[in-house]
Amino acid sequence: MKTDLLIIGGGLAGLTAAYEVLKAEPGRRITILRPGAGSSPYVHGFNMPLNPQDSTELFIQDTEASGRGQGNAALVEELCRGSLELLPFFDELGLDFNREADGSYQQLRPLGASCPRVISIGNDAGGAILRKLLIVMEQHENVSVCTTLHALRLITENGRVRGAHCFDTQSKRWMQIKAKAVILAAGGFCRIFPFSTMRAARRADFADAAPDEHDLPRAQAARAKDQPLYGLLRGLRERRDERGELRIHGADDADPVIRHGDIPFRRRGRGRAGFCPP
């Protein structure tokens, strides 16, 4: 199979990429691999410095402080300064965000923010945007959204990515997709991390974003850097209830906060715990 553009991942990043390409070059053939939407449907809202008390500089300061100085400064600045550029995109899609009586955006104050900053659509911003983008994709005959194809290996030629080896879970057949350009938009989960406490994360759009965790230098570096935290989370990864909360076994129910070193977990009822920010 051949296409002009192969997009691996059908969440917000992948569908938005397809949307922008369609605007710029509507004649391009686009193939989107979307066996799952990852964490995109669970996006509650978007941080934007729209409050009169807010500013891009304050947004940057809050983000750096929340990351305890571990974030990439250039990426933090790009994220915060670029957030307002999403507003025209939202308007194009005709999204109806929560509003105050005077017509201004209704904003929530998230943890770590100095003032209200999150705008949302009900409690379903990610899902609402996905539905709008999928409608746009369906209206273009040169766009194929494949929900049963999983990319397992990238095809490279002369040091360039030229496509992907895929498996169709419906027909149980292997196939190759060759493309002039490839966009990898499988999300941060996508097996880059050696484990995840989020069930949706295991439905990755791309199984070969990283090899087995034992061969992944990034995972090995993370283990070496913070072995206690790695060991704690790895031990808890399967101990969760249907709501996805972590289960702590053998802990004292009388203690509302469980600590692992200086990492606090606050109890949420018997046998459950969630991360407790300082």
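Not measured: the values here are computed from a predicted model. Numbering of residues starts from 1 in each chain and follows the order in which that chain's sequence is written. Where local features are concerned, this predicted model is filtered to residues with pLDDT of at least 70; where side-chain atom pairs are given and counted, the filter is 80 or more; whole-chain, interface and lining totals use all residues. The side-chain quantities take in all heavy atoms of the structure and omit both hydrogens and water.

Caption draft 1: Spatial organisation of the overall build of the protein chain. Numbering of helices and strands runs from the N terminus, with a helix taken as a DSSP run of H or I at least four residues long and a strand as a DSSP run of E at least two residues long. Across its full length, the protein chain carries seven helices and twelve strands. In the protein chain, buried positions account for 38% of the 278 residues. We call two residues in contact whenever any of their non-hydrogen atoms come within 4.5 Å of each other. Considering only contacts within the protein chain whose residues lie at least 6 apart along the sequence, 59% involve residues at least 24 apart. Carbon together with sulfur atoms contributes 51% to the accessible area of the protein chain, which is approximately 16100 Å² in total. Burial status follows relative accessibility: with a 1.4 Å probe on protein chains alone, a residue under 20% of its type maximum counts as buried, one over 50% as exposed, and anything between as partly exposed. Here the accessible surface of atoms and residues is derived via Shrake-Rupley with a 1.4 Å probe, and residues count as covered only by protein chains that are part of the display.

Caption draft 2: Structural context of helix H4 (residues 86–93). Of the positions making up H4, those classed as buried are Leu 87, Phe 89, Phe 90 and Leu 93. The arc enclosing the buried residues of H4, seen along the axis, measures out at 160 degrees, which places them on a common side. Here the buried face of H4 lies against helix H1 (12–24), strand E3 (45–47), strand E4 (118–120) and helix H5 (125–138). Looking one or two residues beyond H4, the residue adopting positive phi is Gly 94, at roughly 70 degrees. An arc is given here, and it is the one of the directions from the helix axis to the C-beta atoms.

Caption draft 3: Representation of the pattern of salt bridges within the structure. By definition here, a salt bridge exists when the distance from a side-chain nitrogen of Lys or Arg to a carboxyl oxygen of Asp or Glu is within 4 Å. Throughout the structure, instances matching the rule amount to eleven salt bridges. Between Asp 4 and Arg 29 there is a salt bridge whose closest N-O contact spans 3.4 Å. Residue Asp 4 is found in strand E1 (residues 2–8), and its partner Arg 29 is found in the loop between H1 and strand E2 (30–33); the two are separated by 25 residues along the sequence. Where Glu 20 meets Lys 23, a salt bridge forms, and the shortest distance between an N and an O atom there is 3.5 Å. On the criterion of helical spacing, the pair formed by Glu 20 and Lys 23 is a turn pair, its members being three residues apart in helix H1. Take Glu 20: its relative accessible area is 35%, and that puts it in the partly exposed class. Connected via shared salt-bridge partners are Asp 4, Arg 29 and Lys 180.

Caption draft 4: Quick peek at the packing of aromatic side chains. The pairing test for Phe, Tyr and Trp rings, Trp by its six-membered ring, is centres within 6.5 Å, and the orientation test on the planes gives stacked under 30 degrees, edge-to-face over 60, and tilted for anything in between. All told, the structure shown has six aromatic pairs when counted by the stated rule. With a centroid separation of 4.9 Å and 45 degrees between ring planes, the pair formed by Phe 90 and Phe 97 is classed as tilted. Assigned by exposure class, Phe 90 and Phe 97 land together as buried. Judged by centre distance (6.1 Å) and plane angle (75 degrees), the rings of Phe 97 and Tyr 105 are edge-to-face. Among the aromatic residues, ring-to-ring pairing joins Tyr 19, Phe 46, Phe 89, Phe 90, Phe 97 and Tyr 105 into one connected group. Positioned over the ring face of Tyr 105 is Arg 99, at 3.9 Å from the centre of the ring. Look at NZ for Lys and CZ for Arg. If either is within 6 Å of the ring centre and within 35 degrees of the ring normal, a charge sits over the ring.

Caption draft 5: The arrangement of the sheet that holds strand E8 (residues 173–184) in detail. Any two strands between which DSSP finds at least two bridges are classified as paired. Taken in spatial order, the six strands line up as E5-E2-E1-E8-E7-E6 in an open sheet, and their pairing is mixed. Whereas interior strands pair on both sides, the edge strands pair on one side only; in this sheet they are strand E5 (143–146) and strand E6 (149–157). Geometrically, the sheet is characterised by an average inter-axis angle of 40 degrees between neighbouring strands, direction not taken into account. Pairing geometry for E2 and E5, over four bridges, is parallel. Across the sheet, the residue bridging to Ile 30 is Val 143, located in E5. Packing of H1 onto the sheet brings it into contact with E1, E2, E5 and E8, and relative to E2 it is tilted by some 175 degrees. Axis angles are defined between N-to-C directions and span 0 to 180 degrees, where every axis is a line fitted to C-alpha atoms and, for a helix, only to the segment in contact.

So far we have only geometry, and geometry alone does not tell us how the molecule works.
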